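# Fold and contact review
In case you want the letters, here they are:
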Amino acid sequence: MPSEAVSGSDLNEAPAAPDERGSLFHSIFEAVPDALLLVDGAGKILRANPAASRLLGYALEELVGLPVDALVPEAIRPRHQAYRDGYAQRPVARPMGAQMALVARCKDGTEVMVEIALSPLRGEGQPYVVAAVRGVQDYPRVKQALQRARHSEAIARIGALAVNTRDPELLLREVPAAAVQGLQIDAAVVSLLDAGRQFFVAAAALGFEAVRLPGNKVPNRPDTPAGYVLAQGGPVCVDDFPAERRFVVPPAVLAAGFHSGVGVPLSDRGQTIGVLDVYANTPRQFGDDDVRFLQSLANLLAGSLQRDQTEAALSHAQRLETVGQLTGGIAHDFNNLLTVIQGNLQVLEDLPAIGADPAAQQMLAAAARASRRGAELTSKLLAFSRRQVLSPSRLDTGALLHSLADMLQRTLDPRIRIDCQAAEKLFALVDAGQLESALLNLAINARDAMPDGGRLSFSCRRCAELPLELADDAHSAHAPPGYIEIDVSDTGHGMSEAVRERAFEPFFTTKEAGRGTGLGLSTVYGFLKQSRGAVRLRTQVGVGTTVTLILPRHRRSEAARAASDDRGVALPSGLDVLLVEDEPEVRSVVRRQLLALGCVVTEMANAEQALAHLAHGGPGARHDLLLTDIALGGGLDGTTLACQVYERWPTMAVQLMSGYATELLQQRGAQPLAAELLRKPFERDALAQALSRALARRHPAA
């Protein structure tokens, strides 16, 4: 920089130094592709280069004299002032905001992701700072991470809506909007089949209203876009509509300027009820990630619409079964998707280039958080299924209550205030899904008892022993050391003494016809008895009701033994694994996880191929361990495959995995395999621990 001070209106036109070196420095400052800002000690911009003008949307003369705080989002300007003050105390060359996602505010108010490096200068005794600003949001890896994060956020939002809403029109409006937002495209439309098996437009987003208004009929023929998708039975991609020859492109699509698109069938349990179409104004817009995202949206929408139609046709008792089937199917598709997302995110996290890039780390962290929220959603979906095998495990009851209270605050009547007084680290030995289902049942009962609003409270605490009036011979014979009590209290209308005495009887209900089966409290009672616990009911008319669930506390010795088992059986180097998974994307992710664990992997797409491979008996046909999904398409399922492997090759360890609820384990006499289930989605460490336990079961310690 020139040694003389620069000021006033001559800042941007400050003369270069009279020597050749000053002219060279001036040329470099102007030519650097990164945005450069020369800032004085008061935070005023003294000079800017053309790259800064292009990045921030200001003319060069507008940048000169502008406070640098004007380029900082308003929400963080107070912190930015403190940061500048701190930097003035120790002015050294360094990046700004390490481990943080930085954004700059442009002239039009938009924000751009950036990297910033600061370098101090001193001229004529005055402190100056050169800020080098680089826009990073157009980096391919950042764009891809942002895209996947958008997909995960949209799927989590639509999944939550599918669970919580009973308004199909709302879901129909939100799904095309989520597709447009998640893919950042021009239009989306949902077409459903009517009773005459003709398509009608049920909902549309953005530009499609100009082409086909909702309610318009669309012929169901293979030469139409929707009919072709239906005939193919899977996603159909169009790279360029003007060149498309597989079906007749409607003139309105061409007139609207759409060049590329994707059609995905809305299918649930083998039945197709419609098509989700998306459109873009650019050719070859859609990739494999986009198609998988649309399939997930389509599965959620189809499952929800089918659920609503089924519930309208069945009695209340049958609805409970149907919701379990629907949510189990949704959870299976969702868990397979999350397995692919989480597996690939974990692979990306291990790449050295990602570890050295704070912006990429931030994007990966956002995508990981979204996928974890998706996994939490599937666990809540499965809590509504009544066909789960009871599988007690170590559960933090306080953490469960806080999570449940947070969900109920958003889904119950807003006039009901929810309190949770539950310390965490109170561990019970209980089936987590069944306990959550029981608590949800009690919360719904409490809501019905408070039609005008009130307070719903959750709390938990330790108790030394089972209350005497609730104990029986089965409990006293093998009593666990201590219990945990969970209270669910409401301020509703309460129960009379006559009602309280019959509250746990099956099929007894005080609700009006169509609103209750009388199985709620009786099911809670049976679950707690099966869990070697108990239930207590306290109620007073006009005051409210408290239901206390008493659960056995988790034994520390069992926890220590389980931890010892996990540590004691390390995966041997070169463990030979036979992997059986019918979903290609999931199979690819699990294979990469196994290879990262040092395993040798042989892949099969179904049980029949695996059995033929094992029966062949040639080189490589003997393996140390079978890792198989439960649901394997239309052939043999994974539990049948596991049973045959146990009988014919007893030295081979077996590990089952699934994204379904565990109802399939009840089939074919396979209940003993329930303890070996690895639930999707899972991370690499969980897979390693599961394989270790499977090897330990095959080779029990002496």
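Criteria and cut-off values
- Residues numbered from 1 in each chain as written.
- Predicted model: local features only at pLDDT ≥ 70, side-chain atom pairs only at ≥ 80, totals over all residues.
- Heavy atoms only, no water.
- pLDDT = per-residue confidence, 0-100.
- Contact = heavy atoms within 4.5 Å.
- Pairing = 2+ DSSP bridges.
- Helix = DSSP H or I, 4+ residues; strand = E, 2+ residues; numbered from the N terminus.
- Axes fitted to C-alpha atoms, helices over the stretch in contact; angles between N-to-C directions.
- Parallel < 35°, antiparallel > 145°, perpendicular 65-115°, else oblique.
- Left-handed = near helix turned anticlockwise from the far one by under 90°.
- Nonpolar A, V, L, I, M, F, W, Y, C, P; charged D, E, K, R; others polar.
- Expected span 1.5 Å × (residues − 1).
- Buried < 20%, exposed > 50% of the residue type's maximum accessible area, 1.4 Å probe, protein only.

Time to look at the confidence of the model for the protein chain. In the predicted model, the protein chain carries a mean pLDDT of 76, and the fraction of residues at 70 or more is 75%. Scored below 50 in pLDDT, residues 313–317 makes seven contacts in the model with residues more than four places away or belonging to other chains. Predicted confidence for residues 661–675 stays below pLDDT 50, and this span has 35 contacts to residues more than four positions away or in other chains.

Here the focus is the pairing of strand 16 (residues 454–463). Pairing of strand 14 (residues 416–422) with strand 16 involves seven bridges; the strand directions are parallel. Within the sheet, the bridge partner assigned to glutamine 421 lies in strand 16 and is serine 459. In terms of strand pairing, strand 16 meets strand 17 (residues 483–490) through eight bridges, oriented antiparallel. Note on strand 17: the bridge partner recorded for serine 459 is aspartate 487.

The N-to-C vectors of helix 13 (residues 397–411) and helix 14 (residues 432–449) enclose an angle of 45 degrees; their axes lie 11 Å apart at closest approach. Judged on the interaxial angle alone, helix 14 and helix 13 are oblique. Seen from above, helix 13 lies across helix 14 with right-handed handedness. Contacts between helix 13 and helix 14 involve Leu400, Leu401, Leu404, Met407 and Leu408 from the former and Leu435, Glu436, Leu439, Leu440 and Ala443 from the latter. Its residues assigned to classes, the contact of helix 13 with helix 14 comprises nine nonpolar, no polar and one charged.

Here the focus is helix 6 (residues 168–183). The terminal C-alpha atoms of helix 6, which comprises 16 residues, lie 23 Å apart, in line with the 22 Å expected from a rise of 1.5 Å per residue. Within helix 6, burial applies to Leu171, Leu172, Val175, Pro176, Ala178, Ala179, Val180, Gly182 and Leu183. Looking one or two places after helix 6, you find glutamine 184, whose phi comes out positive at around 55 degrees.

Strand order in the open sheet formed by five strands is 21-20-22-23-24, and the pairing between neighbours is parallel. If you trace the sheet from one side to the other, it starts and ends with strand 21 (600–604) and strand 24 (677–679), each paired once. Ignoring strand direction, the axes of neighbouring strands in this sheet form an average angle of 25 degrees. Across five bridges, strand 20 (residues 576–580) lies against strand 21 in parallel orientation. What sits directly across from aspartate 576, in strand 21, is valine 600. Sitting on the sheet, helix 20 (residues 607–616) touches strand 20 and strand 21, and the angle it makes with strand 20 is about 145 degrees. In the packing of helix 22 (residues 684–698) onto the sheet, the strands contacted are strand 22 (625–629), strand 23 (653–658) and strand 24, and the crossing angle to strand 23 comes to about 145 degrees.

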